[in-house]
Amino acid sequence: MKIVFMGTPEFARHPLEYIHRSRRHEILAVVTGPDKPAGRGRSLRPTPVKKAASALNIPIMTPESLKSAEFLEDIRKFDAEIYVVVAFRILPKALYAIPPKGAINLHGSLLPKYRGAAPINWALVNGEAETGLTTFFLKEKVDTGNVIYQEKIAIDPDETFDELYQRMAKLAGPVIETTLDLIEKGGVEPIRQDDSQATPAPKISPFDAMIDWGFPAQNVVNFVRGMSSVPGAYSSFRGKRLKILRAKAAEQETASNIRPGTIIEDKHRLLVAISGGAVELTEVQPEGKGRMTGEAFLRGYRPDSNDILGAKD
């Protein structure tokens, strides 16, 4: 089929390149976000999808507004049969109603679970053992369209957001291709989502990534996994931000009166008291510094039991 592909981040780059390589469906054009300033010099940089499309010599559109008459007129000229949307903006009905076979979206969960902008993060935070990829036909209410195809994905117990994100991105291409094949062959029987089973996955702000040391060990560990490395779970140490990139539950008894967040003295492990036990911080990043192991942090900063993560000076 002839398609227009819409996407912005790294997650969308992988399926774009996969579909282009397979040649089973033709990408007529790519719609992505405009260049944005980044880095210390704040120079304009293209989105990962734009960079990939440029290398593949695919026509690129970067509209400021998806509702503008000029953009809608221009995209109609490609005469695509279907639109494929991956990690992009919310499409107005005037746009997704254009192609004769509709518009499909790829979502990083087993819908209706984890509807929203951060499904991978929240699946990890909640300690899920399984997630998946879902394709569905777009409708006006976000992430509620009829499901076309789903593929389940097991989550490794120690997997972080960065790792799961990359793994799911690489699986996205085959899932989209399978979906397009089904639509092309006329073998699609879309399934209506059960709204009573829906769970939210709202966008995560930096403030949302602050660790509450009052939770049990596995909750804290899962929270770190779900936030690592962007925006990055964090606390404060001696008045400065300390990003926690990896952690694991520690077999360590703590006194009932010890304050959560207290650093437990240990020569080789960076241990922090939590509700009913302790967690070991295995990889951290102090404010203004690079990543380091918990043991390296102990050698460099020499914390003791008077140090409490998250405490105000």
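Residues numbered from 1 in each chain as written. Predicted model: local features only at pLDDT ≥ 70, side-chain atom pairs only at ≥ 80, totals over all residues. Heavy atoms only, no water.

K.L.:
Any details on the packing of aromatic side chains? Residues and values, ideally.
P.N.:
Using the criterion set out here, one finds five aromatic pairs in the structure. Look at F237 and Y301: their rings are 6.0 Å apart centre to centre, the planes differ by 85°, and that puts the pair in the edge-to-face class. Here F237, found in strand β10 (residues 233-237), pairs with Y301, found in helix α8 (residues 294-301); they are 64 residues apart in sequence, far enough to count as distant. Overall, Y301 belongs to the partly exposed group, its relative accessible area being 26%. Ring centres of F297 and Y301 lie 4.6 Å apart, and the angle between their planes is 20°; on these two criteria the pair is classed as stacked. Here the residue F297 and the residue Y301 both occupy positions in helix α8, the gap between them amounting to four residues, near one helical turn. On the basis of relative accessibility, which here comes to 1%, the residue F297 falls in the buried class. Aromatic rings pair up to connect F11, F161 and Y165 into one cluster. The lysine or arginine in question, R241, covers the ring of Y234, its NZ or CZ lying 3.7 Å from the ring centre. (Phe/Tyr/Trp six-rings, centres within 6.5 Å; stacked < 30°, edge-to-face > 60°. Helix = DSSP H or I, 4+ residues; strand = E, 2+ residues; numbered from the N terminus. Buried < 20%, exposed > 50% of the residue type's maximum accessible area, 1.4 Å probe, protein only. Lys NZ or Arg CZ within 6 Å of the ring centre and 35° of its normal.)

K.L.:
Kindly report on unusual backbone geometry, identifying the contributing residues and their values.
P.N.:
That bond from L111 to P112 is cis: its omega, 15°, falls within 30 degrees of zero. For P112, the location among the structural elements is in the loop between β7 (103-107) and α5 (119-125). You will see that D79, though not glycine, has its phi angle at about 55°, which is positive. Examined against the element boundaries, D79 turns out to sit in the loop between α3 (69-76) and β6 (82-86). Unlike most non-glycine residues, D143 shows phi in positive territory, near 65°. The exposure class of D143 is buried, given its relative accessible area of 9%.

K.L.:
Before we move on, could you go through the side chain of N121 and cite the residues and values that matter?
P.N.:
For N121, the location among the structural elements is in helix α5. With relative accessibility at 7%, the residue N121 sits in the buried group. A polar atom in the side chain of N121 sits 2.9 Å from the backbone oxygen of G226. Once residues within four sequence positions are removed from consideration, N121 is found in contact with F161, I204, G226 and V230. (Polar contact = N/O pair within 3.5 Å; in protein donor to acceptor, adjacent residues only side chain to side chain. Contact = heavy atoms within 4.5 Å.)

K.L.:
Residue-level account of the pairing of strand β14 (residues 277-286), with values.
P.N.:
In terms of burial, β14 is largely enclosed, as eight of its ten residues are buried. Relative to β14, strand β11 (residues 240-250) runs antiparallel, the two being bridged by eight bridges. Bridging across to β14, R246 finds its partner in E283. Linking two consecutive strands that pair antiparallel, namely strand β13 (residues 271-274) and β14, is a turn of two residues; a positive phi of about 80° is found at G276 within it. Pairing between β14 and strand β15 (residues 292-293): two bridges, direction antiparallel. Opposite E283, over in β15, you have T293 as the bridge partner. In sequence, β14 turns back onto β15 through a hairpin of five residues, with G288 there showing a positive phi of about 80°. (Pairing = 2+ DSSP bridges.)

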